[in-house]
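Read off the chains here:
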Amino acid sequence: MRKIISPSILAADFSNLKAACEMINRSKADWIHIDVMDGVFVPNISFGFPVLEAITKHCTKLIDVHIMIVHPEKYVKRFAEAGAEMLTFHYEAAENPGEVIELIRRQGIKVGITINPDVPVAALRPYIDKVDMVLLMSVFAGYGGQKFIEESYDRLKELKDMVDELNPACMIQVDGGVSIHNAKKLFDHGANVLVAGSAVFNAPDPEEMIQSMLKV
Ligand code: DX5
Ligand code: ZN
């Protein structure tokens, strides 16, 4: 599978999101990662629909939305209308993950499911053949700039085996503490899509950093 970088806008300068979008448009990144946090499922609040709409207006890359919110089922339609092309929700936040998957599908967009580092990978087994992507969190969802959790490699391997067995077309995304230093190992362990926030936006040349991460 093709390697993809999804720069996380959470680490961009929020007073100039248009410039961040334009950088991503020019870059070799195929996706843009948008983190929505509700202050309930996670302790932090990021932004909501108006900001998402503003970003989608300026961005030409695939709109990859990661929702860290309770009751994801309530908002699927609004995220699709706001421009989400891949919508990834937390397994832990959903009363009925199968139903959320179905709702996202009905919007005609791609569906992703994700788990925090304390949830066994095996919990995803019933859903692997129903989603386009699994996002493996390599930090606890809530904040950018956290340190990558090393145990994530073992979890990634376990997930990769499960995906190979049940749905080889399913993409695997890793999010949290991803940088030029671990990108190769993550791709080698079976990740296809790497989310990178601070590694990209804190780099002296973000565009070049994206390219370097793809070339590892
Ligand atoms: C964390 C978010 C991440 C975050 C990653 O809850 O899901 O997408 O932006 O930031 P970095 O790459 O700085 O760890
Ligand atoms: Zn994210």
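Residues numbered from 1 in each chain as written. Chains lettered and ligands numbered in written order. Predicted model: local features only at pLDDT ≥ 70, side-chain atom pairs only at ≥ 80, totals over all residues. Heavy atoms only, no water.

- An unreviewed UniProt entry annotates the chain as ribulose-phosphate 3-epimerase originating from bioreactor metagenome.
- Note on the chain: under the UniProt heading Catalytic activity (unreviewed entry), the record states "D-ribulose 5-phosphate = D-xylulose 5-phosphate".
- Quoted verbatim from the Sequence similarities (unreviewed entry) field of the UniProt record, the comment on the chain reads "Belongs to the ribulose-phosphate 3-epimerase family." (UniProt positions renumbered as here; feature names shortened; annotations may be inferred.)

### So, the overall build of the chain
Here's step 1: Counting its secondary structure elements, the chain contains eight helices and eight strands.
Here's step 2: Principal axes of the C-alpha set define a box for the chain whose edges measure 40 × 35 × 30 Å.
Here's step 3: Of all intrachain contacts in the chain linking residues separated by at least 6 positions in sequence, the fraction that spans at least 24 positions is 65%.
Here's step 4: Total accessible area on the chain is roughly 9,500 Å²; 50% of this is exposed by carbon and sulfur atoms.
Here's step 5: Taken as two groups, the 22 positive and 29 negative side-chain charges of the chain have centres that lie 5 Å from each other. (Helix = DSSP H or I, 4+ residues; strand = E, 2+ residues; numbered from the N terminus. Contact = heavy atoms within 4.5 Å. Areas by Shrake-Rupley, 256 points an atom, 1.4 Å probe, with all protein chains shown as cover. Lys, Arg positive; Asp, Glu negative; His and termini not counted. Charge placed at Lys NZ, Arg CZ, Asp CG, Glu CD.)

### Looking at the site of ligand 1
Here's step 1: In the vicinity of ligand 1 there are 20 residues, among which Asp35, Gly142, Asp175, Gly197 and Ser198 approach most closely.
Here's step 2: The contact in question runs from an oxygen atom of ligand 1 to an N or O atom on the side chain of Ser8, over 2.8 Å.
Here's step 3: At 2.4 Å from an oxygen atom of ligand 1 is found a side-chain nitrogen or oxygen belonging to Ser198.
Here's step 4: Computed on the free molecule, ligand 1 has an accessible area of 380 Å², of which 99% lies beneath the protein chains in the complex.
Here's step 5: Of all the secondary structure elements, the ones that give two or more residues to the shell around ligand 1 are strand 2 (31–37), strand 3 (62–68) and strand 8 (193–196).
Here's step 6: Looking at which element gives the most residues to the shell around ligand 1, the answer is strand 2, with three residues.
Here's step 7: In the shell around ligand 1, the residues fall into eight nonpolar, ten polar and two charged. (Near = heavy atom within 4 Å. Polar contact = N/O pair within 3.5 Å; in protein donor to acceptor, adjacent residues only side chain to side chain. Nonpolar A, V, L, I, M, F, W, Y, C, P; charged D, E, K, R; others polar.)

### Topic: the coordination of the zinc ion (ligand 2)
Here's step 1: Around the zinc ion (ligand 2), the protein contributes the donor atoms His33 (NE2), Asp35 (OD), His66 (ND1) and Asp175 (OD), which lie 2.0 to 2.2 Å from the metal centre.
Here's step 2: Around the zinc ion (ligand 2), the six donor atoms sit at angles spanning 71 to 169°, and that spread fits a shape best called octahedral.
Here's step 3: For the zinc ion (ligand 2), the donor residues sit on a single chain with the sequence spacing H-x1-D-x30-H-x108-D. With Asp35 in strand 2 and Asp175 in strand 7 (residues 171–175), this residue pair connects regions lying 140 residues apart in the sequence. Note on accessibility: Asp35 and Asp175 belong to one class, buried. (Donors = N, O, S within 2.8 Å, 3.2 Å for Na, K, Ca; no water. Tetrahedral: all angles 85-135°; square planar, octahedral: opposite > 155°, others 65-115°. Buried < 20%, exposed > 50% of the residue type's maximum accessible area, 1.4 Å probe, protein only.)

### Digging into the sheet that holds strand 7
Here's step 1: Overall, parallel pairing links the eight strands, which are arranged 1-8-7-6-5-4-3-2 in an open sheet. Since the sheet does not close on itself, it has two edges, and those belong to strand 1 (4–7) and strand 2, each with one partner. On average, each strand axis in the sheet is inclined to that of its neighbour by 25°, with strand direction left out of account.
Here's step 2: Across the face of the sheet, helix 5 (residues 152–166) comes into contact with strand 5 (110–115), strand 6 (133–137) and strand 7 while running at roughly 165° to strand 6. (Pairing = 2+ DSSP bridges. Axes fitted to C-alpha atoms, helices over the stretch in contact; angles between N-to-C directions.)

### A few points about the confidence of the model for the chain
Here's step 1: For the chain, the average pLDDT comes to 98, and 100% of its residues sit at 70 or higher.
Here's step 2: Ranking the helices and strands of the chain by mean pLDDT puts strand 4 (residues 86–90) first, with 99, and helix 2 (residues 49–58) last, with 97. (pLDDT = per-residue confidence, 0-100.)

### Regarding the pairing of strand 4
Here's step 1: For strand 4, the buried fraction is high: five of the five residues fall into the buried class.
Here's step 2: Because side chains alternate across strand 4, one face comprises the buried residues Met86, Thr88 and His90, and the other comprises Leu87 and Phe89, equally buried.
Here's step 3: Pairing of strand 3 with strand 4 involves four bridges; the strand directions are parallel. For Ile67, the partnering residue across the bridge sits in strand 4 and is Phe89.
Here's step 4: Remark: the strand 3/helix 3 (residues 76–81)/strand 4 crossover connection has right-handed handedness.
Here's step 5: For the segment spanning strand 4, helix 4 (residues 97–106) and strand 5, crossover handedness is right-handed. (Right-handed = clockwise from strand over helix to strand, strands pointing away.)

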